[in-house]
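# Topology and contacts: notes
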Amino acid sequence: MAKIVTDVVCPFCGTLCDDLEVKVTDDDKQILEVYNACVIGTEKFLHSQAKDRLKVPMKQDEEGNWSEASINEAVEYTAQMLAKAKKPLMYGWSSTNCEAQSVGGEIAELCGAVVDNTATVCHGTTLIAVQDVGVPSCTLGEVKNRADRIIFWGCNPAHAHPRHMSRYSIFPRGFFTGKGHKARKMIVVDPRTTDTAKMADIHMQLEQGRDYELLSALRVALRGAPLPEKVAGIPRETIIDAAETLKSGRFVVIFFGMGVTQSLSKNHNIDIAIMLTKDLNEHTKAAIMPMRGHYNVTGSGEVLGWQFGYPFSVDLSRGFARYNPGDSSSNDLLRRDEVDAVFVLGSDPGAHFPISSVKKIANLPSVCVDPHYTPTTAVCKLHMPVAFVGVEVGGCTYRMDAVPIHARKVVDAPEGMLTDEEFLKLVLKRIKEIKGVA
Ligand code: SF4
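What comes next concerns the included structure. Keep in mind that this is a model prediction, so the values were computed, not measured.

Another aspect to go through is the side chain of Ser94. Looking at the secondary structure, you find Ser94 in the loop between β6 (88–92) and α3 (98–111). In this view, Ser94 contacts Asn117, Thr118, His294, Tyr295, Asn296, Val297 and Gly346; residues no more than four positions away in its chain are not counted.

Taken together, Cys10, Phe12, Cys13, Leu16, Cys17, Ala37, Cys38, Gly41, Pro162 and Arg163 are the residues near the ligand. Its residues placed into classes, the shell around the ligand shows eight nonpolar, one polar and one charged.

One can describe the packing of helix α8 (residues 211–223) onto helix α9 (residues 236–247) by two numbers: an axis separation of 9 Å at closest approach and a directional angle of 65 degrees. The crossing of α8 and α9 is right-handed. Touching Leu214, Ala217, Leu218, Ala221 and Leu222 of α8 are Ile239, Ile240, Ala242, Ala243 and Lys247, all from α9. Considered class by class, the residues forming the contact of α8 with α9 number nine nonpolar, no polar and one charged.

With that settled, consider the sheet that holds strand β13 (residues 251–256). The strand order β10-β9-β8-β13-β14 describes an open sheet built from five strands, whose pairing is parallel. A strand with exactly one partner marks an edge of an open sheet, and here the two such strands are β10 (202–204) and β14 (285–290). The average angle at which neighbouring strand axes cross in this sheet is 15 degrees, direction not considered. One ladder, built from three bridges, connects strand β9 (residues 185–189) with β10; its direction is parallel. In the strand pairing of β10, Ile187 is matched with Ile202.

One open sheet holds the nine strands; their spatial order is β5-β4-β19-β18-β17-β6-β7-β15-β16, and the pairing between them is mixed. Sheet topology places β5 (66–68) and β16 (322–323) at the edges, where each strand pairs with a single neighbour. Inspection of the sheet shows β6 paired to strand β17 (residues 341–345) by five bridges, in the parallel sense. Within the sheet, the bridge partner assigned to Tyr91 lies in β17 and is Val344.

Residue placement: Ser248 occurs in the loop between α9 and β13. Expressed as a C-alpha distance, the spacing of Ser248 and Thr284, which sit 36 residues apart in the sequence, is 7.7 Å. At a separation of 3.1 Å, a polar atom in the side chain of Ser248 contacts the side chain of Arg149.

Enumeration according to the criterion identifies zero disulfides in this entry. Summary of cysteine pairing: Cys111 is not part of a disulfide, and the nearest cysteine sulfur, belonging to Cys380, is at 17 Å.

Let us now look at the pattern of salt bridges. This model, assessed by the stated rule, comprises 30 salt bridges. Where Asp315 meets Lys87, a salt bridge forms, and the shortest distance between an N and an O atom there is 3.5 Å. Of this pair, Asp315 sits in strand β15 (residues 314–315) while Lys87 sits in the loop between α2 (71–84) and β6, and the two are 228 residues apart along the sequence. For the pair shown, Asp315 and Lys87 are each scored as buried. When salt bridges with common partners are traced through the structure, they connect Lys87, Asp315, Arg322, Asp327, Arg336 and Glu338 into a single cluster.

Basis of the calculations
- Residues numbered from 1 in each chain as written.
- Predicted model: local features only at pLDDT ≥ 70, side-chain atom pairs only at ≥ 80, totals over all residues.
- Heavy atoms only, no water.
- Helix = DSSP H or I, 4+ residues; strand = E, 2+ residues; numbered from the N terminus.
- Contact = heavy atoms within 4.5 Å.
- Near = heavy atom within 4 Å.
- Nonpolar A, V, L, I, M, F, W, Y, C, P; charged D, E, K, R; others polar.
- Axes fitted to C-alpha atoms, helices over the stretch in contact; angles between N-to-C directions.
- Left-handed = near helix turned anticlockwise from the far one by under 90°.
- Pairing = 2+ DSSP bridges.
- Polar contact = N/O pair within 3.5 Å; in protein donor to acceptor, adjacent residues only side chain to side chain.
- Disulfide = S-S within 2.5 Å.
- Salt bridge = Lys/Arg side-chain N within 4 Å of Asp/Glu carboxyl O.
- Buried < 20%, exposed > 50% of the residue type's maximum accessible area, 1.4 Å probe, protein only.

This is a description of form; function is not addressed.
Below, the structure is given as structure tokens:
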């Protein structure tokens, strides 16, 4: 017999879909089918069932040979590494729940670590811009029910947030948007003709790296001031047409992604996009929202915010929290040889950091905590397998619009498998013993 678990939350992207249904065996051991999720979300659930899944900790010796370790050994190695390091880096946190993130923050404080999340290579620039100029934003529910002008700037939800358009931004029939996509105009700004751009009413195919100029030009066009014939490769008429389309809407929302956060001008692209949003509010209602990537990267920023006052790149090495991205951010620290141990949880810097940083991790005492064997595992000295958050353990997660949603447990983890939170609590307890802290 099988049963259906309803209202399941997808632990993959920042859309954090909470309408999934999962067919499981009635002993709660195995997932049979996943309904309502996109292909990426479905794969995340099914992948947890892999027969060759890593179930015991693995340690790597100096010759690169791997051998099994006990959970006690994994806890001891991790606790000794963090307690003895002068300035350990504790990185990741975007693919786990807030409960685990908060224990991680406690360990970081006790060990004088730098605690940083994946925003450092993603929407960290957005957070800096928001600190500089503020942000007029909203929730995805408001987008669904009210927004009739949608901009996707430097993002491609058709591939990266596959159900964003169908759940919130383009297709749903909301309270005041009863005609669904027919009630909305869609503008895409991207140098490439992406699958999202193919659906747009206006595609501004700008020259790469010239977003700041085009955002400035849109501000000029909103004021009705003169523009040159072309800006960033876009004809004046197209820019004026886009500005008029936005002005004529009842509610404009600008969604933006890594095309602007990680291209030339970085946080200044976001500053001016926020200023454009503020300008639009003189004509109509407008809001702006980052397309946050991992399902709980927002949660990591929230938890660090409660604990230390800063959302990422928090340096606790002097016994109080300091925040200075560019100085206290992971890649900068690794490249300058300023950290002497690396702890990674819920992220894969081995695959996503520049090779210069990955080489540094390979030469340091290091631990990778992840349900999967990843490229980060390959450069770490110890791999600790854990339960999948959102599949085998629930917990608090935050959607891209900072709405908290409680993820559900769907099936049991393999016998003996700890959760991130359980492992971190054991490490914290042992660090307290080593440091003689009550
Ligand atoms: S859109 Fe994102 S959250 Fe929704 S099912 Fe797909 S991967 Fe999961």
